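What follows is the residue order along each chain.
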Amino acid sequence: MEVKKIEETYGQVSKALGWATDKQVSLAVTMMYLSRGHEFDADAHLEASQLIKKKEGFTSPLRAHLHHIAAAYLVLRDESAEDGLAKLNANQQALNNSKFWKSAYTYLAGLMMDSPEQAQRARELYDAMKAYHPFLTSSEDIPYVALLSNREGGVLERAETMNRYYKELRTQGFSAGNHLQWLSQVMTFDSPVFQPEVAGRVVAIRDFLKAENIKVRGEHYPVLGFLAIANADGQALADVVEMARALDASKLFRWYGGWILPSAVQLAMAESVELRESEAAVFSASVEMLMQAQQAAMMLGVSAVIASSNNSGS
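None of the values given here were measured: they were computed from a predicted structure. Chains are numbered independently. Their residues run from 1 in the order of the written sequence. In keeping with the model being predicted, local features are shown solely for residues with a pLDDT of at least 70 and side-chain atom pairs are shown and tallied solely at 80 or more, while totals for entire chains, interfaces and linings include all residues. Only heavy atoms go into the side-chain values, all of them from the structure, while hydrogens and water stay out.

Novice: Just checking my understanding: could you explain the overall build of the protein chain for this structure?
Specialist: Scanning the protein chain from N- to C-terminus turns up 16 helices and zero strands. Relative accessible area decides the class of each residue, using a 1.4 Å probe on protein chains only: under 20% of the type maximum gives buried, over 50% gives exposed, and in between gives partly exposed. Within the protein chain, the proportion of its 314 residues that are buried is 54%. Put simply, of all contacts in the protein chain between residues at least 6 apart along the chain, 70% involve residues at least 24 apart. Just so you have it, the protein chain exposes about 14,300 Å², and 51% of that area is on carbon and sulfur atoms. We count a stretch as a helix when DSSP gives it H or I for four or more residues in a row; a strand needs E for two or more, and each element gets its number in order from the N terminus. Should any heavy atoms of two residues lie within 4.5 Å, those residues are considered in contact. All accessible-area figures derive from a Shrake-Rupley calculation using a 1.4 Å probe, and residue coverage is judged against the displayed protein chains alone.

Novice: Looking at this model, I keep getting lost on empty space enclosed by the protein. Mind explaining?
Specialist: Once rolled over the atoms, a probe with the size of a water molecule shows which space is left empty. Cavities and pockets were defined on a 1 Å grid built over protein atoms only: a cavity is a set of grid points that admits a 1.4 Å probe from which the probe cannot escape, a pocket is an open set flanked by protein on both sides within 12 Å along at least five of seven lines, and lining residues are those with an atom within 4 Å of any such point. Grid points are joined across faces, edges and corners, and a volume is the space filled by probe spheres set on the points. Following the criterion strictly, the structure yields three cavities of 30 Å³ or more and no others. Roughly 50 Å³ of volume is contained in the largest cavity. Surrounding the largest cavity, Met129, Tyr132, His133, Ala159, Met162, Asn163, Tyr166, Gln181 and Ser184 form its lining. When contributions to the lining of the largest cavity are tallied by element, the ones reaching two or more residues are α7 (118–132), α9 (155–170) and α10 (178–186). Top element by residues in the lining of the largest cavity is α9. It accounts for four residues. Only Asp, Glu, Lys and Arg are considered charged in this grouping, and only Ala, Val, Leu, Ile, Met, Phe, Trp, Tyr, Cys and Pro are considered nonpolar; every other residue, Gly among them, is considered polar. Residues that form the lining of the largest cavity fall into these classes: five nonpolar, four polar and no charged. The space that makes up the second largest cavity amounts to roughly 40 Å³. Around the second largest cavity sit Leu74, Arg77, Gly84, Lys87, Leu88, Asn91, Gly110, Leu111 and Met113, which together line it. Counting only elements with at least two residues in the lining of the second largest cavity, the list comes to α5 (81–97) and α6 (104–112).

Novice: Sorry if this is basic, but what is going on with the side chain of His133 here?
Specialist: Locating His133 in the fold gives a position in the loop between α7 and α8 (142–148). In this structure His133 touches Asn163, Tyr166 and Gln181, once residues within four positions along its chain are discounted.

Novice: When you look at the packing of aromatic side chains in this model, what are you seeing that I'm missing?
Specialist: Centre-to-centre distance and the angle between the planes together describe a pair of aromatic rings. Paired rings are identified among Phe, Tyr and Trp, the last through its six-membered ring, by centres lying within 6.5 Å, and are further divided according to the angle between planes into stacked (under 30 degrees), edge-to-face (over 60) and tilted (the rest). Tallying each qualifying case throughout the model produces five aromatic pairs. Ring plane angle 75° and centroid distance 5.3 Å describe the contact between Tyr33 and Phe40, whose orientation is recorded as edge-to-face. When the NZ atom of lysine or the CZ atom of arginine is within 6 Å of a ring's centre and also within 35 degrees of its normal, the charge is said to sit over that ring. Over the aromatic face of Phe100 sits the side chain of Arg123, whose NZ or CZ is 4.6 Å from the ring centroid. One Lys or Arg, Arg164, reaches over the ring of Phe194 and ends 3.9 Å from the middle of that ring.

Novice: Just to check I follow, could you spell out the pattern of salt bridges for this structure?
Specialist: For side chains bearing opposite charge, pairing can occur when the charged atoms are close. Just to be clear on terms, a salt bridge is a Lys or Arg side-chain nitrogen sitting within 4 Å of an Asp or Glu carboxyl oxygen. According to the stated counting rule, one finds seven salt bridges in the structure shown. Residue Glu79 pairs with Arg77 through a salt bridge whose shortest N-O separation is 2.6 Å. Among the charged side chains, a network of salt bridges with common partners joins Arg77, Glu79 and Lys87.

Novice: Help me understand α7 in this model?
Specialist: Here the expected span of a helix is defined as 1.5 Å times the quantity of residues minus one. Given a rise of 1.5 Å per residue, 15 residues ought to cover 21 Å, and the 22 Å separating the end C-alpha atoms of α7 matches this to within 8%. Taken as a whole, α7 has its buried residues at Gln118, Ala119, Ala122, Arg123, Leu125, Tyr126, Ala128 and Met129. Elements that come into contact with the buried residues of α7 comprise α5, α8, α9 and α10.

Novice: Is there a simple way to explain the packing of α10 against helix α12 (residues 221–229) in this structure?
Specialist: Helix-helix packing: each pair is described by the crossing angle between the helix axes and the interaxial distance. Fitted lines through C-alpha atoms serve as axes, helices being fitted only where they are in contact, and the angles separating the N-to-C directions of these axes extend from 0 to 180 degrees. The geometry of α10 relative to α12 is characterised by a closest axis approach of 7 Å and an angle of 15° between their N-to-C directions. Our classification of the angle between α10 and α12 gives roughly parallel. Here α10 and α12 pass one another in a crossing that is right-handed. Packed against α10, whose contacting residues are His179, Leu180, Trp182, Leu183 and Val186, the element α12 presents Tyr221, Pro222, Leu224, Gly225, Phe226 and Ile229 at the interface. Considered class by class, the residues forming the contact of α10 with α12 number nine nonpolar, two polar and no charged. An angle below 35 degrees is treated as roughly parallel, one above 145 as roughly antiparallel, one from 65 to 115 as roughly perpendicular, and anything else as oblique. Left-handed describes a crossing whose near helix is turned anticlockwise from the far helix by less than a right angle; the clockwise case is right-handed.

Novice: Sorry if this is basic, but what is going on with the environment of Ile260 here?
Specialist: In this structure, Ile260 sits in helix α14 (residues 260–271). With 46 residues separating them in the primary sequence, Ile260 and Ile214 have C-alpha atoms 9.3 Å apart. Those residues in contact with Ile260, other than ones at most four positions away along the chain, are Ala244, Leu247, Asp248 and Phe253.

Rendered as structure tokens:
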């Protein structure tokens, strides 16, 4: 995909969302549409936006940080926006019933779920993870456990495997913290069983990108997992590098360097026949959803920092 197409779509999204919308939100929405191969339809997006405003109360996270992310999801779903919003709220309520506090993260998790029945299993996985990392496991993990709750395998085994991946990658120079925990979760997406070769692929991908002078920050750790579980080969990684360099040269990404690698991976995966056909279509779509969850989580983190800064300065 040409950078010009990304810049043009971003211009359309930014204009439709208005000057008051954070530019990173506009960028996230742009990547959501483009990675799905959809042209941005301002009318459809704003119609979904108005539906959210009409149906949701003033205190709903869907009217704050997640507003346009949720609107894009509703437009991109196969069902009507109204049905999609009803299902999202049902999923979110099920998470509340499973003792997750209502927050932007439970709504984001609701977007990851196929049905409310996944909520209790998500809670069990969350608790199992917390047993290994009591201080690290937090609301930011909820979207991941929600998506993983629909995968085959035992909850306790998956949590143990996450911990093993976490410890293994620490010995390979990965920094401890939330980003490494997210990566360890992504690595269990295809199997709850510990697989040394998956850890090896993650390390090899990191080293390859660094050798190509592509910045790999802590916030990018989950992206390495996406590539590893998709079995990205040398050509796929070369495509990622080529796209990352093109984005790095774009004025659009000048102030958002942290978005370059995730965006390059999304676009490269969307255009790669090998990656699209490496597993079932459902798997590919789920990997893409995980990537968008990570981008949205990054955005939420930035928003939280901004809000905290504003509050402390008042």
